[in-house]
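The primary structure of each chain is shown beneath.
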Amino acid sequence: MIYLINTRQDMINQKILITGAAGFIGSSLADDLLAKGFSIMGIDNFDSFYTRDIKETNISNALKHNLYSFQEGDIRDMEFLNSCFSGFRPDIVIHLAAKAGVRPSIKNPASYYDVNVNGTLNMLEAMRKNKIGRMLFASSSSVYGNNKKIPFAESDNVDFPVSPYAASKKACELLCHTYHHLFDMDIFCLRFFTVYGPRQRPDLAINKFTRALLNDEPITLFGDGSTSRDYTHISDILQGIGQAMENLKGFGIFNLGESNAISLKELVALLENSTGKKADIKYLPMQDGDVLRTFADISRAKSVLGYNPVVNIADGISNYVEWVRVNNRNF
Ligand SMILES: NC(=O)c1ccc[n+]([C@@H]2O[C@H](COP(=O)([O-])OP(=O)(O)OC[C@H]3O[C@@H](n4cnc5c(N)ncnc54)[C@H](O)[C@@H]3O)[C@@H](O)[C@H]2O)c1
């Protein structure tokens, strides 16, 4: 499962430090960059949001690669970060480590702030101290809250987040801009729109629904099924990250989505089609913190980065269900 996107030859020998490297996006990115010839240091603390087993499986191939090193540790630990930065001296830091997930952030906002905001501040400080000046930061479509204007553009007001998770991502974007301004760091904030595909996090709808369907269990829909999302395939996210690495200069915020939203009901229909099963749907009220819709305006990423997402949702879902089956991931 490696997505090879063309990369400029002069970048190939660069050293890339990835935080959150054992997670869904981080481990997929590490495999992709290793296959292109980059040297990678991965950092992760195996946060208990989901099981260590899944994360260890995610990095099992990378660990065999001679251009890969992995350090288990916490981005809130400055001594740990200093030793990683001073030893490895990355050309670019790709900061993906975070407590992800909207709903749990309402139950435990302090821990979300601690990891996401203090952790990001620590990263920026460690970079400044070690004279490392280039970073991509994983932001989120959730910063748009319940904005009415569709599609969401980077120039829209994002002062009204509706979950602590979203607020923490917005706070991180502000810190990124501050460090760019004060210390001339090159930083791009990439707003990912619901990412799916092989290794997707177990708390996310596509993963949960697929497992339920394959195991003949009911699925729970929050709301009436009309909420909609712009689902982005992991290979398109990796394409966008690669292009952001090549164009990283100054400060920028970019939406990375497919620019095509579908409703929850339409999503279930696609999953039924790919699994060959009929969903037994239990409806529950919408959850606090959930947004009604997401839909990315990707014209900035297209024109500045050359981003061009290509995986339509029907193909992406059928490819994902196949991956779950082949890898026995329906547990
Ligand atoms: N998956 C999506 O749909 C999506 C959408 C928008 C934004 N994002 C952002 O992209 C990034 C990656 O998301 P993902 O879906 O791969 O999540 P993930 O949970 O699979 O990966 C995050 C990784 O960060 C690690 N981590 C957590 N706290 C840490 C700490 N204190 N120190 C070191 N490592 C720590 C976790 O162990 C995990 O492996 C996150 O910042 C997330 O907020 C994801």
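What comes next is a walk through the structure. On a predicted model such as this, the values are computed, not experimentally measured, just so you know. Per chain, residues are indexed from 1 in the order of the written sequence. Totals for whole chains, interfaces and linings use every residue, but because this is a predicted model, local features are given only for residues with pLDDT of at least 70 and side-chain atom pairs only at 80 or more, for both listing and counting. Heavy atoms from the whole structure form the basis of all side-chain values; hydrogens and water molecules are not counted.

1. Some thoughts on the overall build of the protein
Going by this rule: What counts as a helix is a DSSP run of H or I of at least four residues, what counts as a strand is a run of E of at least two, and both are numbered from the N terminus. Here's how the labels work: a residue is buried when its accessible area is under 20% of the maximum for its type, exposed when over 50%, partly exposed in between, all with a 1.4 Å probe on protein chains only. Throughout, a contact is declared for two residues whenever any of their heavy atoms are within 4.5 Å. With residues, only the protein chains shown are counted as cover, and all accessible areas are computed by Shrake-Rupley using a 1.4 Å probe. Working convention for charge: Lys and Arg count positive, Asp and Glu count negative, and His plus the chain ends are omitted. Taken as the charge centre is NZ of Lys, CZ of Arg, CG of Asp or CD of Glu, depending on the residue.
Helices and strands together make up the secondary structure of the protein, namely 11 helices and 13 strands. Here the C-alpha coordinates of the protein stretch approximately 55 × 45 × 40 Å along the principal axes. The 331 residues of the protein split such that 58% are buried. Put simply, of all contacts in the protein between residues at least 6 apart along the chain, 84% involve residues at least 24 apart. Working note: accessible area of the protein is about 13800 Å², and carbon and sulfur atoms make up 50% of it. Separation of charge centres in the protein, based on 35 positive and 36 negative side chains, amounts to 1 Å.

2. Quick look at the nonpolar core
To keep things clear, this is the line we draw: Only buried Ala, Val, Leu, Ile, Met, Phe, Trp, Tyr and Cys residues count toward a nonpolar core, and they belong to the same one when joined by side-chain atoms within 4.5 Å.
Counting 48 residues, the largest nonpolar core has Ile-94, Phe-192, Ile-241 and Met-245 as its most contacted members. Not counting residues up to four positions away in its chain, the partners in contact with Met-245 are Met-11, Ile-16, Leu-33, Phe-38, Ile-92, Ile-94, Arg-134 and Leu-136. In this structure, Leu-17, Phe-88, Met-135 and Leu-175 belong to the second largest nonpolar core, which totals 30 residues.

3. A short note on the pairing of strand S2 (residues 39-44)
Convention followed: The criterion for strand pairing is that DSSP finds at least two bridges linking the strands in question. The handedness of a crossover follows from its direction of travel: if, with the strands pointing away from the viewer, the path from the first strand over the helix to the second runs clockwise, the crossover is right-handed.
Burial within S2 is extensive, with 6 of its 6 residues counted as buried. Along S2, one buried face is formed by Ser-39, Met-41 and Ile-43 and the opposite face, lined by Ile-40, Gly-42 and Asp-44, is buried too. Examined bridge by bridge, strand S1 (residues 15-19) and S2 share 5 bridges and lie parallel to one another. Pairing of Leu-17 across the sheet is with Met-41, part of S2. Handedness of the crossover is the feature at issue here: the chain leaves S1, passes through helix H1 (residues 24-36), returns alongside S2, and the resulting connection is right-handed. When S2 meets strand S3 (residues 68-72), the two strands line up parallel, connected through 5 bridges. By the bridge assignment for S3, Gly-42 is matched with Phe-70.

4. A look at the pattern of salt bridges
The condition that has to hold: By definition here, a salt bridge exists when the distance from a side-chain nitrogen of Lys or Arg to a carboxyl oxygen of Asp or Glu is within 4 Å.
Applying the stated rule across the entire model yields 17 salt bridges. One salt bridge in this structure joins Glu-125 and Arg-128, with 2.9 Å as the shortest N-O distance. Note that Glu-125 and Arg-128 are positioned in helix H5 (residues 109-129) at a spacing of 3 residues, about one turn of the helix. Residue Arg-128 is classed as partly exposed on the basis of its relative accessible area, which comes to 33%. For Glu-173, the salt bridge is made with Arg-191, and the minimal N-O distance between the two is 2.7 Å. Note that Glu-173 is positioned in helix H6 (residues 164-183) and Arg-191 in strand S6 (residues 186-192), a separation of 18 residues in sequence.

5. Comments concerning the sheet that holds S6
The cut-off we apply is this: To get an axis, fit a line to the C-alpha atoms, keeping to the stretch in contact for a helix; angles then go from 0 to 180 degrees between the N-to-C directions.
Pairing in this open sheet of 7 strands is parallel, and the strands run S3-S2-S1-S4-S5-S6-S11 from one edge to the other. Two strands in the sheet have a free side with no partner beyond their single neighbour: S3 and strand S11 (251-256). In this sheet, adjacent strand axes meet at a mean angle of 20° when their direction is disregarded. Relative to strand S5 (residues 134-140), strand S4 (residues 92-95) is paired through 3 bridges, and the arrangement is parallel. What sits directly across from Val-93, in S5, is Met-135.

6. Brief notes about the packing of H5 against H6
Note the cut-off: Working definition: roughly parallel below 35 degrees, roughly antiparallel above 145 degrees, roughly perpendicular at 65 to 115 degrees, and oblique for all remaining angles. Crossings are sorted by hand: turned counterclockwise from the far helix by less than a right angle, the near helix makes the crossing left-handed, and turned clockwise it makes it right-handed. Classification convention: Asp, Glu, Lys, Arg as charged; Ala, Val, Leu, Ile, Met, Phe, Trp, Tyr, Cys, Pro as nonpolar; all other residues, Gly among them, as polar.
The N-to-C vectors of H5 and H6 enclose an angle of 15°; their axes lie 9 Å apart at closest approach. Taken together, the axes of H5 and H6 are roughly parallel relative to one another. For the pair H5 and H6, the sense of crossing is right-handed. Taken together, the residues of H6 that come into contact with H5 (itself represented by Pro-109, Tyr-112, Tyr-113, Asn-116, Val-117, Thr-120, Leu-121, Leu-124, Glu-125 and Arg-128) are Pro-164, Tyr-165, Ala-167, Ser-168, Ala-171, Cys-172, Leu-175, Cys-176, Tyr-179 and Phe-183. Across the contact of H5 with H6, the residue classes tally to 15 nonpolar, 3 polar and 2 charged.

7. Overview of the packing of helix H3 (residues 78-88) against H5
In helix packing, the relevant descriptors are the interaxial angle and the interaxial distance, both defined with respect to the helix axes. Direction vectors running N to C along H3 and H5 enclose 45°, while the axes themselves pass 10 Å from each other. The angle between H3 and H5 places the two elements in the oblique class. Classified by chirality, the crossing of H5 by H3 is right-handed. Contacts between H3 and H5 involve Met-78, Leu-81, Asn-82 and Phe-85 from the first element and Asn-122, Met-123, Glu-125, Ala-126, Met-127 and Lys-129 from the second.

8. Some words on the site of the ligand
This is how it is decided: Throughout, the term near means that a residue has one or more heavy atoms lying within 4 Å of the molecule or strand in question. Contacts described as polar in this section are N or O atom pairs within 3.5 Å, which, within protein, must combine one atom able to donate a hydrogen with one able to accept it, while residues neighboring in sequence count only if both atoms come from side chains.
Surrounding the ligand, one finds 29 residues, the nearest of these being Asp-44, Tyr-50, Leu-96, Tyr-165 and Val-195. A distance of 3.3 Å is found between a nitrogen atom of the ligand and a backbone nitrogen or oxygen belonging to Asn-45. Expressed as a share of its isolated accessible area of 820 Å², the protein-covered part of the ligand is 98%. The residue makeup of the shell around the ligand, split by class, is 15 nonpolar, 7 polar and 7 charged.

Coordinates in, geometry out; function isn't part of it.
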